[in-house]
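Commentary on secondary and tertiary structure
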Amino acid sequence: MNGAVSMATTSQAYLQGKQVTESRALVAELCRHFYSLGWVSGTGGSITLKVHDESIPKPQQIIVMSPSGVQKERMVPEDMYVLSSTGSVLSTPTLKPYPQKPPKCTDCAPLFMKAYQMRNAGAVIHSHGMESCIVTMINPNAKEFRITHMEMIKGIQGHGYHDDLVVPIVENTAHEGELTDSLAEAIKAYPKTTAVLVRNHGIYIWGDSWINAKTQAECYHYLFEAAIKLYQLGLDWSTPTHGPIQSVNKLHYDNSNVKTRATTGGNGADTPHRCVVLDIEGTTTPITFVTEVLFPYARDNVRKHLTATYDTQQTKDDIKLLRAQVESDLKGVVGALPIAPDEAGKEEVIDSLVANVEAMIKADRKITSLKELQGHIWRTGFENNELKAIVFEDVPQALERWTDSGIKVYIYSSGSREAQRLLFGNSIYGDLRKYLCGFFDTTVGNKRETRSYMEIAQSLGVDNPSEILFVTDVFQEAVAAKEAGLEVIISVRPGNAPLPETHEFKTVTSFSEI
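The notes below deal with the structure included here.

1. Here we look at the layout of surface pockets
- Estimated volume of the largest pocket: approximately 650 Å³.
- Residue assignment for the lining of the largest pocket shows that the elements contributing at least two residues are helix 8 (287–309), helix 11 (368–383), helix 13 (417–425) and helix 15 (475–483).
- At five residues, the largest contribution of residues to the lining of the largest pocket is made by helix 8.
- Each residue belonging to the lining of the largest pocket can be placed in one class, and the counts come to 15 nonpolar, nine polar and nine charged.
- Roughly 510 Å³ of volume is contained in the second largest pocket.
- Lining the second largest pocket are 29 residues, with Gln 157, Gly 158, His 159, Lys 192 and Ser 459 sitting closest to its centre.
- Put simply, the parts of the chain that give the lining of the second largest pocket at least two residues each are strand 7 (164–170), strand 9 (202–207), strand 14 (438–440) and helix 14 (450–460).
- Residues that form the lining of the second largest pocket fall into these classes: eleven nonpolar, eleven polar and seven charged.

Here it is as structure tokens:
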């Protein structure tokens, strides 16, 4: 089958067909546009995209790529190279008269191929935009660029306003092709990134399609320019408040030299921590609020919510997740019941969904399908002022103190990211999200698995996992985090489960001790 696809896409008829012709024209048009933005001036920079064809699997779609060393604003469709999915040249531009140079495939080709192969990209943009160079020069030791609480972060795949956007920085080389290995290492080390900065050079950005890549490129350049302007004003772009840059920790996004410090409880020793990751239930919030308020609210309103929103895309997605979970549960989970097919009608489908959801809530299952639905039900409760989140009184002061010290604070909970934002955005102490840089949920992994904390450490981009302090009330979570290299403190709050007598973790009864 793969051989047949390969033969079809490399035939002369296909190369001269509508899809390839339109893709060539699109690349030329985009290069002219990017030239006007200053991204591809002086023949620098490049763009490539896959020829979209629904009949061909994306990894096997052929590639159109702009040439090297040409005036990007004067390119025409005939100037493009066409490559196979593996990178071999299928079609070359025609030679043009002097003073035009002989055609040459871009030196970026090996780097573009890494994004295609490692991230299944649909398009890749290489920009020489000045802001993408200067932002890597503000601190020559920084290994990454970090920014948070900027609206345009929402334009970056997988990120929201409150998230910490992290872009790795690799060192420049004399020849572009020599960057291939370092770019591949950065892509591997930062699994959530959609871009890699090259110091004093530019940036590589990829997306699922040319529209997605272009949108993200515009957002990245905006954020770089914002960081530069904030720096000129003496403001810190990497903290939620964007307050004055602290002289003792001038550039928070630099992970090479300066460390902020948080005192860990127990023995009075100081450990350098750049980030604090907090659990919710039993740590920032009483267990009783979750078990006696949130869970009952979701259980009592699940039928009402599903009935009212049944035809919305969000609820359709929730039902799809629940169907997949129940299909797996039917193989051995007590309380699982088959969900009626859509053909059975709305009422029967909802009846079977309610039965399963109530059983899941009763068993306190930490599964994504349940948490997503609960989050959507709770959102309605918070919006209608039927719910107000309770946090311990020492939490707001600690969040403010850590933030003012340059320490970034994140949440990791089995509740969905949306539910986490709702809770901290609607607390009895007001909106606390201004102190939070990001949210992690079970899409990262189970909270009792070491690899989940390894994933978080990679996402936060620290030099060493020990620079992250994780605070939780659950012994098994503490063990998993410790095995991943994180520093751990166990929160001892009223109503929390007792700890093993032989545990060796530091404990606190209030965040004021941290």
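2. Focus on the side chain of Arg 199
- Within the secondary structure, Arg 199 is located in the loop between strand 8 (195–198) and strand 9.
- For Arg 199, a relative accessible area of 5% corresponds to the buried category.
- A distance of 2.7 Å separates a polar atom in the side chain of Arg 199 from the backbone oxygen of Thr 136.

3. A closer look at the pattern of salt bridges
- Counted by the stated rule, this structure contains 23 salt bridges.
- For Asp 163, the salt bridge is made with Arg 421, and the minimal N-O distance between the two is 3.6 Å. Separated by 258 residues along the polypeptide, Asp 163 in the loop between strand 6 (144–148) and strand 7 and Arg 421 in helix 13 bring together distant segments of the chain.
- Here Arg 199 and Glu 171 are joined by a salt bridge, their closest N and O atoms 2.8 Å apart. Of this pair, Arg 199 sits in the loop between strand 8 and strand 9 while Glu 171 is found in the loop between strand 7 and helix 6 (180–189), placing the two residues 28 residues apart along the sequence.
- A network of salt bridges, in which partner residues are shared, links Glu 144, Arg 146 and Asp 164.

Procedures and definitions
- Every chain's residues receive numbers from 1 upward, in the order its sequence appears when written.
- Reporting in this predicted model follows two pLDDT cut-offs: at least 70 for local features of residues, and 80 or more for side-chain atom pairs to be given and counted; totals over whole chains, interfaces and linings ignore these cut-offs and use all residues.
- By convention in this description, side-chain values take in all heavy atoms of the structure and omit both hydrogens and water.
- Definitions used throughout: a 1 Å grid over protein atoms alone; a cavity as a set of points that fits a 1.4 Å probe which cannot get out; a pocket as an open set with protein on both sides within 12 Å along at least five of seven lines; a lining residue as one with an atom within 4 Å of a point.
- Grid points are joined across faces, edges and corners, and a volume is the space filled by probe spheres set on the points.
- Think of it this way: any DSSP run of H or I at least four residues long counts as a helix, any run of E at least two long counts as a strand, and we number them from the N terminus.
- Under the convention adopted here, Pro, Cys and the residues Ala, Val, Leu, Ile, Met, Phe, Trp and Tyr are nonpolar, Asp, Glu, Lys and Arg are charged, and Gly plus all remaining residues are polar.
- Exposure classes here rest on a 1.4 Å probe applied to the protein chains alone. A residue is buried below 20% of its type maximum, exposed above 50%, and partly exposed in between.
- By the criterion applied in these results, polar contacts are pairs of N or O atoms within 3.5 Å in which, for protein atoms, one can donate a hydrogen and the other can accept it, and in which residues neighboring in sequence qualify only through two side-chain atoms.
- The term salt bridge refers to a side-chain nitrogen of Lys or Arg lying within 4 Å of a carboxyl oxygen of Asp or Glu.

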